[in-house]
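# Reading the structure
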Amino acid sequence: IAGITQAPTSQILAAGRRMTLRCTQDMRHNAMYWYRQDLGLGLRLIHYSNTAGTTGKGEVPDGYSVSRANTDDFPLTLASAVPSQTSVYFCASSRSGGNTGELFFGEGSRLTVL
Amino acid sequence: AQKVTQAQTEISVVEKEDVTLDCVYETRDTTYYLFWYKQPPSGELVFLIRRNSFDEQNEISGRYSWNFQKSTSSFNFTITASQVVDSAVYFCALSEAHTGGFKTIFGAGTRLFVKA
């Protein structure tokens, strides 16, 4: 049982570089999300997608972009990484586009921008 | 606007004590959902409970109980007879409707230390 797979698990990146965090789910969930977790700030929503082909902005979307070409994949791209984007990134999905159910999370991707 | 406030940053208790984690939320919607998640030291996020805005009945699951009060916009979580394994960060979350679906936002979390 895979659930949600995130890659890479950990990455150190030079400022100014482009980076894509990958997220794949095998549960056929309609909705997918990207959160970042920072000490004292909890989990903050970056972008979300309620169904394939649609995306929306969350609480902290600046500096990030997403795409949802199909149901299973929801990559998060940092076009030009900055040190403030150092964080742990969690991808999540939920069973329905209405998101009335629980979120299923990946194991996280720890990103360090130097 | 959506907002979730967990005013307690850290709580430390001794094993077997009861502990309550507070959660206060803000929303303009009449239909919304509230959640609690647990993040143990291993880092994964574990779903604990979901409540919809039309169901204010309190819930008990083993040593865990939840008190939902719309009048005070609170959804508090109590652990009875705490155990060391309860040590974790606990997040309260609010999901409400936006164009095209729902969005879930989280509070800052409460870190619970349970000492033996």
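Scroll up for the structure.
Residues numbered from 1 in each chain as written. Chains lettered and ligands numbered in written order. Predicted model: local features only at pLDDT ≥ 70, side-chain atom pairs only at ≥ 80, totals over all residues. Heavy atoms only, no water.

### Examining the overall build of chain B
From N to C terminus, chain B includes zero helices and 12 strands. Moving toward the C terminus, one meets the helices and strands of chain B in the order β-β-β-β-β-β-β-β-β-β-β-β. Taking 116 residues into account, the globule formula puts the C-alpha radius of gyration at 13 Å, and chain B, at 14 Å, falls close to it. Each principal axis of the C-alpha distribution contributes one length, and for chain B these read about 45 × 30 × 20 Å. (Helix = DSSP H or I, 4+ residues; strand = E, 2+ residues; numbered from the N terminus. Rg over C-alpha atoms; globule rule 2.2 N^0.38 Å.)

### Let's talk about the sheet that holds strand β1 (residues 4-7) of chain A
Residue and element names in this part refer to chain A. One open sheet holds the four strands; their spatial order is β1-β3-β8-β7, and the pairing between them is antiparallel. In this open sheet, the two edge strands, each paired with only one partner strand, are β1 and β7 (64-66). Along the sheet, successive strands turn relative to each other by an average axial angle of 15 degrees, direction set aside. The sheet contact formed by β1 and strand β3 (residues 19-25) spans four bridges and is antiparallel. When the sheet's bridge partners are listed, I4 is paired in β3 with Q25. (Pairing = 2+ DSSP bridges. Axes fitted to C-alpha atoms, helices over the stretch in contact; angles between N-to-C directions.)

### Some details on the pairing of strand β6 (residues 46-52) of chain B
In this structure, strand β5 (residues 32-39) of chain B lies alongside β6 of chain B, joined through six bridges in antiparallel fashion. Bridge pairing in β6 of chain B links L34 of chain B to R51 of chain B.

### Concerning the packing of aromatic side chains
Overall, the coordinates contain 20 aromatic pairs over all chains when judged by the stated rule. Centre to centre, the rings of W36 of chain B and F77 of chain B are 5.3 Å apart; their planes meet at 50 degrees, and the pair counts as tilted. You can see W36 of chain B sitting in strand β5 and its partner F77 of chain B sitting in strand β9 (residues 74-79), a full 41 residues away along the chain. Like F77 of chain B, W36 of chain B is buried. Counting every residue linked through ring pairs, the aromatic cluster contains Y33, Y35, F90 and F105 of chain A together with F35, Y37, F47, F91 and F106 of chain B. One cation-aromatic arrangement involves R68 of chain A over F74 of chain A; the distance from NZ or CZ to the ring centre is 6.0 Å. (Phe/Tyr/Trp six-rings, centres within 6.5 Å; stacked < 30°, edge-to-face > 60°. Buried < 20%, exposed > 50% of the residue type's maximum accessible area, 1.4 Å probe, protein only. Lys NZ or Arg CZ within 6 Å of the ring centre and 35° of its normal.)

### Brief notes about the state of the cysteines
Chemically, a disulfide is nothing more than a covalent bond linking the sulfur atoms of two cysteines. Counted under the stated rule, the structure contains two disulfides over all chains. Each sulfur of the disulfide joining C23 of chain A and C91 of chain A lies 1.9 Å from the other. Judged by the sign of its S-S torsion, about -75 degrees, the cystine formed by C23 of chain A and C91 of chain A is left-handed. Of this pair, C23 of chain A sits in strand β3 while C91 of chain A sits in strand β9 (residues 87-94), and the two are 68 residues apart along the sequence. Classification of C91 of chain A by relative accessible area gives buried; the value is 0%. The disulfide that involves C23 of chain B links it to C92 of chain B, with 1.9 Å between the sulfurs. Because the torsion about its S-S bond is -65 degrees, the bridge between C23 of chain B and C92 of chain B counts as left-handed. Of the two residues, C23 of chain B is situated in the loop between β3 (19-21) and β4 (24-26) and C92 of chain B in strand β10 (residues 88-98); the sequence distance between them amounts to 69 residues. (Disulfide = S-S within 2.5 Å.)

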